[in-house]
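Fold and contact review
Single-letter residue listing:
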Amino acid sequence: MTAMRPYNFSAGPAVMPDAVLAEAAAEMLDWHGSGMGVMEMSHRGKEFGAIHAQAQADLRELLAVPANFKLLFMQGGGLAENAIVPMNLSRGQTADFVVTGSWSQKSLGEARKYCSAHEAANTKGNGHTTLADPASWQLSDKPAYVHICSNETINGVEYHTLPDLKALGCEAPLVIDFSSHVASRPVDWSRVGLAFGGAQKNLGPAGLTLVVVREDLLDRALPMCPSAFNYRTVADNDSMFNTPPTYAIYMAGLVFKWLKRQGGIAAIEARNIAKAELLYDAIDHSSLYLNRVALDCRSRMNVPFYLRDETLNDVFLSGARERGLLQLKGHKSVGGMRASIYNAMPLEGVQALVDYLRDFEARWERRPRRDRLPTAIGPRAGLLLEPAHGKNPS
Ligand SMILES: *Cc1c(COP(=O)(O)O)cnc(C)c1O
């Protein structure tokens, strides 16, 4: 493997560990002497059976999933789960949604097709820069479930403690969309009924969707629910009711082994905390960059930030690319920048980004004051930092 690949801050599909990609490349034509590549194997054969079973066991161990939960490997991504969850859990009744950003908003909208979806809270009033205090949620009387997005990938808001529904006097299962921070930190399963997430942020390639569901929730599906999306059917068939995304499962399995080699979730969480602190600290101590999210709910995985002078956005991004810092452009719905720093992003990558932030800001600060905050959007802003390009090879 090349020693220095650029650092990739994509929100998803996202960076994979170099070691995992190298391993997959080495096994591409012949998996463990079988004479077959993983893509070419029957999902019912003993070779893939071993890959599948090992991936399930490793993930269960890593996430400390209790025995009364099923681990399902499905397809359709987080967006399909926005329909699959209400089809399986709502019984056509009322489900509650806590809207803290774009993804939970989408979940609420999709669920309306299958049940009566009730908005228990919405932080749009402050631009989704905080979480709503669970004590303030307007839960309905007996919701079929309560949905949250435990890490809002676009808005950069993360629950650092999962809400305790029982303490709120609510017996309903909590559903969490943990697509973008699964395996970045431990999960308190005592508070969760069901967790789902697409793999392409933190677990592996797109195509695999993880569902972790408590066994007592398996038999609630509406009759209209497609068999391939019925949790009971998927569970009883060990996630092989239909052909699973075999290669994505294999790749995720390699990521799980890599995570174990890193010391498991506790060790990776410590690293993620260090990475996030390094980046937020640089943003907060700058007069050019700004992150608007409240301190107690900032995401460790997705760090959106703005340049106070937005006319510099393009020159910032092209300078970043020149330094080997890729895919920093923010989501189109919120603009600005976003650095996604998933498990596979090393501390060195975050350090390289922080170095760039400082260098870019220093060049900006050396401009005469009247040039720092141009009011006109246009070519002048683009030229502002041009002369310094390439002078800083570090
Ligand atoms: C990416 C993402 C999704 C959507 O996943 P798809 O695989 O595109 O359906 C849903 N929820 C969250 C929190 C996400 O980050």
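These numbers were taken from a predicted model, which means no experiment stands behind them.

1. Points about the overall build of the protein
Along its length, the protein carries eleven helices and 14 strands. A globule of 394 residues ought to have a C-alpha radius of gyration of about 21 Å, and the protein, at 22 Å, matches this closely. Dimensions of the protein along its principal axes, counting C-alpha atoms only, are 65 × 60 × 35 Å. When the 394 residues of the protein are sorted by exposure, 55% land in the buried category. Long-range contacts, defined here as pairs at least 24 residues apart, represent 69% of the contacts in the protein between residues at least 6 apart. When the accessible area of the protein is evaluated, it comes to approximately 16700 Å², of which 53% is carbon and sulfur surface. Between the averaged position of the 41 positive side-chain charges in the protein and that of its 41 negative side-chain charges there is a distance of 4 Å.

2. Observations regarding the nonpolar core
One broad rule of soluble globular proteins: the nonpolar side chains tend to lie buried together. Ranked by internal contacts, the top residues of the largest apolar core, which has 56 residues, are L63, F73, W137, F178, W189, L210 and Y250. Here this core gets eleven residues from one element, more than from any other, and that element is helix 6 (residues 246–261). With sequence-adjacent residues up to four places away left out, L210 is seen in contact with L59, L63, L71, L72, F73, F178, V182, A195, F196, G197 and L203. Core analysis: the second largest hydrophobic core is formed by 30 residues, Y280, I283, L317 and L357 among them.

3. What about the packing of helix 2 (residues 46–63) against helix 6?
One can describe the packing of helix 2 onto helix 6 by two numbers: an axis separation of 9 Å at closest approach and a directional angle of 45°. Between helix 2 and helix 6, the angle falls in the class oblique. The way helix 2 lies across helix 6 gives a crossing that is left-handed. Seen from helix 2, the contacting residues are F48, I51, H52, Q54, A55, D58, L59, E61 and L62; seen from helix 6, they are T246, I249, Y250, G253, F256, K257, L259 and K260. When its residues are assigned to classes, the contact of helix 2 with helix 6 shows nine nonpolar, four polar and four charged.

4. Comments concerning the site of the ligand
In the region of the ligand, the neighbouring residues are G77, G78, L79, W103, C149, N151, T153, D177, S179, S180, Q200 and K201. Between the ligand and Q200, the relevant distance is 2.8 Å, taken from an oxygen atom to a side-chain nitrogen or oxygen of the residue. In the complex, the protein chains occlude 86% of the 380 Å² of accessible area that the ligand would expose alone. Ranked by residues supplied to the shell around the ligand, first place goes to helix 3 (residues 77–89) with three residues.

5. A look at the domain arrangement of the protein
Assigned domains within the protein: domain 1 (18–261) and domain 2 (263–390). Placing the centre of domain 1 and that of domain 2 at their C-alpha centroids yields a distance of 30 Å. With 27 residues of domain 1 at the contact, the number on the domain 2 side is 26 residues. Carbon and sulfur atoms make up 55% of the surface buried where domain 1 meets domain 2, a total of about 2100 Å² over both sides.

6. Observations concerning the pattern of salt bridges
For the coordinates displayed, the defined rule picks out 15 salt bridges. Of the charged contacts, one joins E110 and K113 as a salt bridge, the two residues approaching to 3.6 Å between their closest N and O atoms. E110 sits in the partly exposed class, given a relative accessible area of 22%. Notably, a salt bridge pairs D219 with R232, separated by 2.8 Å at the nearest N-O pair.

7. Focus: the sheet that holds strand 2 (residues 69–74)
Reading across from one edge, 2-10-9-8-5-3-4 is the order of the seven strands in this open sheet, with mixed pairing throughout. Looking at which strands have only one partner, the edges of the open sheet turn out to be strand 2 and strand 4 (116–122). For this sheet the average axis-to-axis angle between neighbouring strands, irrespective of direction, equals 20°. Note that strand 9 (residues 194–198) and strand 10 (residues 209–214) share five bridges and pair antiparallel. From the neighbouring strand, G198 faces strand 10, where its bridge partner is T209.

8. Concerning the confidence of the model for the protein
With 93% of its residues at a pLDDT of 70 or more, the protein shows a mean pLDDT of 93. In this model, residues 375–394 is a region of pLDDT below 50 whose contacts with residues beyond four sequence positions or in other chains number 28 contacts.

What counts and how
Residues numbered from 1 in each chain as written. Predicted model: local features only at pLDDT ≥ 70, side-chain atom pairs only at ≥ 80, totals over all residues. Heavy atoms only, no water. Helix = DSSP H or I, 4+ residues; strand = E, 2+ residues; numbered from the N terminus. Rg over C-alpha atoms; globule rule 2.2 N^0.38 Å. Buried < 20%, exposed > 50% of the residue type's maximum accessible area, 1.4 Å probe, protein only. Contact = heavy atoms within 4.5 Å. Areas by Shrake-Rupley, 256 points an atom, 1.4 Å probe, with all protein chains shown as cover. Lys, Arg positive; Asp, Glu negative; His and termini not counted. Charge placed at Lys NZ, Arg CZ, Asp CG, Glu CD. Core = buried A, V, L, I, M, F, W, Y, C linked by side-chain atoms within 4.5 Å. Axes fitted to C-alpha atoms, helices over the stretch in contact; angles between N-to-C directions. Parallel < 35°, antiparallel > 145°, perpendicular 65-115°, else oblique. Left-handed = near helix turned anticlockwise from the far one by under 90°. Nonpolar A, V, L, I, M, F, W, Y, C, P; charged D, E, K, R; others polar. Near = heavy atom within 4 Å. Polar contact = N/O pair within 3.5 Å; in protein donor to acceptor, adjacent residues only side chain to side chain. Domains from an automatic or database assignment. Buried area = accessible area lost by both parts, 1.4 Å probe. Salt bridge = Lys/Arg side-chain N within 4 Å of Asp/Glu carboxyl O. Pairing = 2+ DSSP bridges. pLDDT = per-residue confidence, 0-100.

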